[in-house]
Each structure stands twice: as C-alpha cells, then as structure tokens.
Amino acid sequence: MADTILLYHLTHINNLQSILQRESLWSHARIRAHEVSYSDMANQDVQIRRERTKIPIGMCGNLHDYVPFYFAPRSPMLYVIGRQHPPQQNMVYFMTNTAMIQQHCPAFVFTDAHAIRRLTNFYEELT
C-alpha cells in the first residue's frame, strides 16, 4: 500500500451543522437529490464543468457524484476565494487521509491534475 497522504475538503461554515448531523460529507449530486440546504462557495462556471465531466473509471458518473478533496491545504479554490473582495472568511476545512478514504469509501478515484482538464488522468489505485 502507498504511504498515507493527507487530504483536505473545503466547505462553507453554513454547511457545518448539516454535515455533523449526517456524520459524513455528501457529494454535490447527493445533496441536490436529497434537497439539502447548502451554501456553495465554488465558482459556478467550474461547477457546470464538473457536472459535465464524466469519470471513466470506478463507479463512473460525473465529478458531482464524488466528494472533492485536495492533496494540499492551499488549493487553487482557496487561492481564488482569497482574492475575492472582501475575502471569504466563512470556511471550514475537513482533513482526512488516503488510508481512511480507502477504508470507508470503496468507490474513490483521484486525478493527477484538476479533474475538469481534458488531459487529466484518473486513478483508483493508490499505488
């Protein structure tokens, strides 16, 4: 098995109570299907592309069928949010690691670049 790597998920603080009540993070598609009240911090153009981006492996579907995590605490999304005027300060970071994902999420995939990019490769094996 590969070394355990930290993973980070960023969300709006308004989502914290709902996440804690469910005791889990849900994908964008699942949130929408269950009509959960949700504060979205993401760029809507990127969200449209995520919904259209098909996953070629794993359980397939599109990017909204998965909970997004970053490999680094300073993600491109955080950079963009930090450049807003006034800066966004209502954020919560959830941290986990690849071992926990592998143990609790049998259908995970990861990429070697931003998932909406055409030349991005998808993987489902940590090695």
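Just so it is clear, the model here is predicted, and its values are computed rather than measured.

## Topic: the overall build of the protein chain
Link 1 in the chain: A count of helical and extended segments in the protein chain gives 5 helices and 4 strands.
Link 2 in the chain: Taken from N to C terminus, the helices and strands of the protein chain fall in the order β-α-α-α-α-β-α-β-β.
Link 3 in the chain: Taking all 127 residues of the protein chain together, 31% fall into the buried category.
Link 4 in the chain: Counting only contacts in the protein chain whose residues sit at least 6 apart along the sequence, the fraction spanning at least 24 positions is 62%.
Link 5 in the chain: When the accessible surface of the protein chain is totalled, it reaches about 8,800 Å², and 53% of it is carbon and sulfur.

## Here we look at the pattern of salt bridges
Link 1 in the chain: This structure, assessed with the given rule, holds 1 salt bridge.
Link 2 in the chain: Among the salt bridges present, the one from E51 reaches R32, with a minimum N-O distance of 2.8 Å. Residue E51 is found in helix α3 (residues 44–52), and its partner R32 is found in helix α2 (residues 28–33); the two are separated by 19 residues along the sequence.

## So, the nonpolar core
Link 1 in the chain: Core analysis: the biggest nonpolar cluster contains 7 residues, these being I55, L63, Y66, V109, A115, I116 and F122.
Link 2 in the chain: Once you skip the residues sitting within four places of it in the chain, I55 turns out to touch C60, G61, N62, L63, Y66, V109 and F122.

## Remarks on unusual backbone geometry
Link 1 in the chain: Look at E35: it is not a glycine, yet its phi comes out positive at around 50°.
Link 2 in the chain: Phi at C60 takes a positive value of approximately 65°, unusual for a residue other than glycine.
Link 3 in the chain: Tracing the backbone shows C60 in the loop between α3 and α4 (76–82).
Link 4 in the chain: Of the residues examined, C60 reaches a relative accessible area of 33% and is grouped as partly exposed.

## Quick notes on the side chain of T53
Link 1 in the chain: Within the fold, T53 resides in the loop between α3 and α4.
Link 2 in the chain: Relative accessible area serves as the criterion here: at 14%, T53 is assigned to the buried category.
Link 3 in the chain: A polar contact is formed between the side chain of T53 and the backbone oxygen of R49, at a distance of 2.6 Å.
Link 4 in the chain: Excluding residues that lie within four positions of it along the chain, T53 makes contacts with G61, N62, L63, A115 and I116.

## Quick word on the packing of aromatic side chains
Link 1 in the chain: Applying the stated rule across the entire model yields 3 aromatic pairs.
Link 2 in the chain: An angle of 90° between the planes, with centres 6.2 Å apart, marks the rings of F71 and F110 as edge-to-face. Of this pair, F71 sits in the loop between α3 and α4 while F110 sits in strand β3 (residues 110–111), and the two are 39 residues apart along the sequence.
Link 3 in the chain: Accessibility expressed as a relative area gives 21% for F110, which makes it partly exposed.
Link 4 in the chain: Put simply, the rings of F71, F110 and Y123 pair up and form one aromatic cluster.
Link 5 in the chain: Lying across the ring of W26, R22 places its NZ or CZ 4.5 Å from the centre.
Link 6 in the chain: Here R30 stacks its cationic end above the ring of W26, 4.1 Å away from the centre of that ring.

Rules behind the numbers
Residues numbered from 1 in each chain as written. Predicted model: local features only at pLDDT ≥ 70, side-chain atom pairs only at ≥ 80, totals over all residues. Heavy atoms only, no water. Helix = DSSP H or I, 4+ residues; strand = E, 2+ residues; numbered from the N terminus. Buried < 20%, exposed > 50% of the residue type's maximum accessible area, 1.4 Å probe, protein only. Contact = heavy atoms within 4.5 Å. Areas by Shrake-Rupley, 256 points an atom, 1.4 Å probe, with all protein chains shown as cover. Salt bridge = Lys/Arg side-chain N within 4 Å of Asp/Glu carboxyl O. Core = buried A, V, L, I, M, F, W, Y, C linked by side-chain atoms within 4.5 Å. Polar contact = N/O pair within 3.5 Å; in protein donor to acceptor, adjacent residues only side chain to side chain. Phe/Tyr/Trp six-rings, centres within 6.5 Å; stacked < 30°, edge-to-face > 60°. Lys NZ or Arg CZ within 6 Å of the ring centre and 35° of its normal.

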